[in-house]
Amino acid sequence: MKILTINCGSSSIKYKLFQMPGESLVAKGLLEKIGEETSFFRQEVANQITETRRPVKNHDEGLKLITESLLSGSPPAIKDIREIGGVGHRVVHGGEGFDRSVVITEDVIARIEEYQELAPLHNPPNLAGIKAARRVFSHCVQVASFDTAFHRTIPEVAYLYAIPFRFYTQHGIRRYGFHGTSHRYVARRAAELLGKGKYDLNAITCHLGNGCSVTAVRNGRSVDTSMGLTPLEGLIMGTRSGDIDPGVILFLAERLGIEMAALNRLLNRESGLLGISGTSNDFRNLLAEREKGNQQANLAIEMFCYRLRKYIGAYLAVLGQTDAIVFTGGIGENVPLVRERSLSNLQSLGIILDQQANQEAKGERIISQKESKIAVLVIPTDEELRIAVDTYTLAHSHLSG
Ligand code: AMP
């Protein structure tokens, strides 16, 4: 059976096609600028790349173009649309309703619609993708995987904000957390690699990519995470500020007269690594700039590491006993400097990095010394593959049930 995973933005669709249960990637692609004259489409099948520009009106047309491309080409990724046995959708906000991936029904759609208010930028395009895929792939089961699901076990003391309680009860304002699919996966893999049961592991998982978040995992379950009501809170990210005194926002609005839409752009798109460095949100570029002596790039990197270190310290205290610290995501997997800076000189807390292992090798690995009480691991994540695994499991039981 093949499983298609879909990640829909307001004007984009990213997708991957996996052969299951072997988990091999058959095709991947991207459609951008939906709704414009020059929509851009790129697909990769067996190292063959196809690129086209042509107008694509909406997500329905986009999915039809994707299906045609999967069926054509030499070799085609699929010979018949029925080879696709399930479609897995990344859904950003599952509110308080979903603690796992689910088969999409009318009721599930209605609940995702309810949570639109909490994720106005993300849930509407996710839903547009779901509705389009139900029409285009009507023969197979559709599954929703929620970024928030793994964090449903966070206790009240950690998920509430200290504003009047009625904002929680009336409007659902609380910490929800994101990147749950990735945090859950690397926590499970870390347990396996350390020979522990999945509900026996206490870990701090650091997902460091374009978006960044840290999660405290107690007995295999999320008990705190750095992202909040939205993915803006917590660590410094590519273009997001992460934690900031709310007073700064009041100052920007009241004293500098910055409008709400501009504030939103400033905090989500113009801040973080980009805002501090003034050159790039991409860590590779910042490392290159730093090598050339660019002080602002260096400052952005140091601030990024400092904020991460602070969160790791906080979550060591939250967990008490900790078995592992796990790094994942483009930065977490590939930048030894970040791991070194965030964990250096913490012998007194039981963390001793193996400097050589930290610099070397790729793929899954332990990078702490044997005598380190807390193991440090690098575990590559693949959120789409995790969504595909959930979709395959549910599609399988749907067919056999
Ligand atoms: P992700 O969202 O997980 O794809 O991560 C994207 C971030 O990881 C960007 O800031 C990239 O610059 C960074 N990244 C990916 N690969 C590398 C690498 N080999 N070295 C340094 N940074 C990397």
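As shown above, the structure is provided for reference.
Residues numbered from 1 in each chain as written. Predicted model: local features only at pLDDT ≥ 70, side-chain atom pairs only at ≥ 80, totals over all residues. Heavy atoms only, no water.

Considering the overall build of the protein chain
Scanning the protein chain from terminus to terminus reveals 15 helices and 14 strands. The C-alpha radius of gyration of the protein chain comes to 22 Å, within 12% of the 21 Å expected for a compact globule of 401 residues. The C-alpha extent of the protein chain, read off along each of the three principal axes, is 60 × 55 × 50 Å. The 401 residues of the protein chain split such that 50% are buried. (Helix = DSSP H or I, 4+ residues; strand = E, 2+ residues; numbered from the N terminus. Rg over C-alpha atoms; globule rule 2.2 N^0.38 Å. Buried < 20%, exposed > 50% of the residue type's maximum accessible area, 1.4 Å probe, protein only.)

Topic: the environment of isoleucine 387
Its place among the elements puts isoleucine 387 in helix α15 (residues 383-400). Between the C-alpha atom of isoleucine 387 and that of isoleucine 6, which follows or precedes it by 381 residues, the distance is 9.2 Å. Once residues lying within four places of it in the same chain are set aside, the contact partners of isoleucine 387 are Thr5, Gly88, His89, Arg90, Ser145 and Thr181. (Contact = heavy atoms within 4.5 Å.)

So, the site of the ligand
Surrounding the ligand, one finds Gly209, Asn210, Asp282, Phe283, Arg284, Gly329, Gly330, Ile331, Asn334 and Val335. Between the ligand and glycine 330 there is a distance of 2.9 Å, counted from an oxygen atom to a backbone nitrogen or oxygen. At a separation of 3.3 Å, a nitrogen atom of the ligand approaches a polar side-chain atom of asparagine 334. Protein chains shield 71% of the accessible area of the ligand, which is 500 Å² for the free molecule. No other element matches helix α12 (residues 329-334), which puts four residues into the shell around the ligand. Partitioning the shell around the ligand into residue classes produces three nonpolar, five polar and two charged. (Near = heavy atom within 4 Å. Polar contact = N/O pair within 3.5 Å; in protein donor to acceptor, adjacent residues only side chain to side chain. Areas by Shrake-Rupley, 256 points an atom, 1.4 Å probe, with all protein chains shown as cover. Nonpolar A, V, L, I, M, F, W, Y, C, P; charged D, E, K, R; others polar.)

Overview of the sheet that holds strand β4 (residues 40-45)
In space, the eight strands of this open sheet follow the order β5-β4-β3-β2-β1-β6-β8-β7, with mixed pairing throughout. Sheet topology places β5 (48-53) and β7 (102-103) at the edges, where each strand pairs with a single neighbour. Relative to β4, strand β3 (residues 24-32) runs antiparallel, the two sharing six bridges. In the sheet register, leucine 31 faces β4, and the bridge partner there is phenylalanine 41. Sitting on the sheet, helix α1 (residues 59-71) touches β1 (2-8), β2 (13-19), β3 and β4, and the angle it makes with β2 is about 35°. (Pairing = 2+ DSSP bridges. Axes fitted to C-alpha atoms, helices over the stretch in contact; angles between N-to-C directions.)

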